[in-house]
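Close look at the chain arrangement
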Amino acid sequence: MPQSPLDLTEAILRLGSIRHDEMGLDAVLTRITEVARDSIPGTTETSVTLVHGTEAKTAAHTGDLARRLDQWQYEQGRGPCLDAATTGTVLIVTDMTREPRWPEWATRAHASGVSSAMSIGLPIQEAVVGALNLYATRPDAFSRVAEPARALAGHAAVALANAHLYDSTATLAGQMQEAMRNRAVIEQAKGIIMGQRRCTADEAFAMLARVSQNSNRKLRDVAEALVQQVVRPVPGQPTAADR
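My aim in this report is to walk through the structure given alongside it, one point at a time. (Residues numbered from 1 in each chain as written. Predicted model: local features only at pLDDT ≥ 70, side-chain atom pairs only at ≥ 80, totals over all residues. Heavy atoms only, no water.)

Quick notes on unusual backbone geometry
The phi angle at D140 is positive, at roughly 50 degrees, despite the residue not being glycine. Within the fold, D140 resides in the loop between strand 5 (128-136) and helix 6 (146-197). On the accessibility criterion, D140 (41% relative accessible area) is partly exposed. A positive phi angle, near 55 degrees, is found at N216, a position not held by glycine. Taking relative accessible area as the criterion, N216 reaches 72% and is therefore assigned exposed. (Helix = DSSP H or I, 4+ residues; strand = E, 2+ residues; numbered from the N terminus. Buried < 20%, exposed > 50% of the residue type's maximum accessible area, 1.4 Å probe, protein only.)

Some words on the environment of E55
Mapped onto the elements, E55 comes out in strand 2 (residues 55-61). With a relative accessible area of 56%, E55 lands in the exposed category. Taking C-alpha positions, E55 is 8.8 Å from Y74, a pair spaced 19 residues apart along the chain.

Some thoughts on the environment of A146
Residue placement: A146 occurs in helix 6. Those residues in contact with A146 that sit more than four places away from it in its chain are I92 and M118. (Contact = heavy atoms within 4.5 Å.)

Brief notes about the pairing of strand 2
Pairing analysis gives six bridges linking strand 1 (residues 45-52) to strand 2, with the strands arranged antiparallel. Looking across to strand 2, one finds that V48 is bridged to A60. Hairpin connection between strand 1 and strand 2: a loop of two residues separates the two successive antiparallel strands, and G53 in this loop has a positive phi of roughly 70 degrees. (Pairing = 2+ DSSP bridges.)

Looking at the packing of helix 7 (residues 201-215) against helix 8 (residues 219-231)
Axes are the key here: two packed helices are described by the angle between their axes and the distance separating the axes. Packing of helix 7 against helix 8 brings their axes to within 9 Å, and their N-to-C directions diverge by 110 degrees. Of the possible angle classes, the one that applies to helix 7 and helix 8 is roughly perpendicular. Two packed elements cross with a definite hand, and for helix 7 against helix 8 that hand is right-handed. Only L219, V222, A223 and L226 of helix 8 make contact with helix 7, whose side of the interface consists of F205, L208, A209, V211, S212 and S215. Residue composition of the contact of helix 7 with helix 8, by class: eight nonpolar, two polar and no charged. (Axes fitted to C-alpha atoms, helices over the stretch in contact; angles between N-to-C directions. Parallel < 35°, antiparallel > 145°, perpendicular 65-115°, else oblique. Left-handed = near helix turned anticlockwise from the far one by under 90°. Nonpolar A, V, L, I, M, F, W, Y, C, P; charged D, E, K, R; others polar.)

What to know about the side chain of T49
Counting through the fold element by element, T49 comes out in strand 1. Within the local environment of T49, its side chain forms a polar contact with the side chain of Y74, the two groups lying 2.8 Å apart. T49 has contacts with K57, D70, Y74, C81, V129, G130, A131 and N133, leaving out every residue within four places of it along the chain. (Polar contact = N/O pair within 3.5 Å; in protein donor to acceptor, adjacent residues only side chain to side chain.)

Observations regarding helix 3 (residues 64-76)
Helix length check: helix 3, at 13 residues, gives a terminal C-alpha distance of 19 Å against a target of 18 Å (1.5 Å per residue), a fit within 8%. Residues of helix 3 that are buried: L65, A66, L69, D70, W72, Q73 and Y74. For helix 3, the elements touching its buried residues are strand 1, strand 2, helix 4 (80-87), helix 5 (103-111) and strand 5. Where helix 3 terminates, the next one or two residues include G77, which has phi positive at roughly 80 degrees. (Expected span 1.5 Å × (residues − 1).)

Topic: the nonpolar core
Judged by nonpolar contacts, the single largest core of 27 residues is most densely connected at I40, V48, L132, F142 and L160. Of all the elements in the fold, those that place two or more residues in this core are helix 2 (25-39), strand 1, strand 4 (116-125), strand 5 and helix 6. When residues in this core are grouped by element, the largest group, seven residues, is from helix 6. L69, V93, A117 and A131 belong to the second largest nonpolar core, which has 21 residues in total. (Core = buried A, V, L, I, M, F, W, Y, C linked by side-chain atoms within 4.5 Å.)

And the structure:
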């Protein structure tokens, strides 16, 4: 049964419905590959390549064939998905049996049942670039849909960039909260030592640091243990301030 023409509006709405507070980065990537596969006529499988520095990986894919087609390119260090990601362009392979740019990869792709492909560069952020990769079992599947596919990829890039930003912001916020919690418990422990030893804040911190080093434990763990001993003292067990 022939696939219906691409409904760009519906595809964009599916991407626009992504809620970053409800979907993690992996789920967003999976949604992008599914929307592309379902929306672009002739597409058999899709994937998203992410390149960070010299490292490339397939971050999402609709099937194992797409993942293997990508992986073969990573192993060779070149191919349409890598070249599209690094240049930000659209690269189309109309016929794997007559592909001069990446002949070894094209031969393996054709042997796997793939006859044509298209990779569209995705500018995500300064440190990360990517590509939306489309694979088809029939030759020249993408020439006539290149422009609407590129438009769809543009919206996918926005969704992916927002997901990266949300993920990075959430991670940073978590790290800051953890740092604040660590600082709070260390300050509590310092206050306990200062009260017990009648010493300065710097001297109290030095005592905590010495216990941390001698016991090969994190400073925060030593501080938390001291606070817990004061809150719920264990009979006969010395505190960090006593050491």
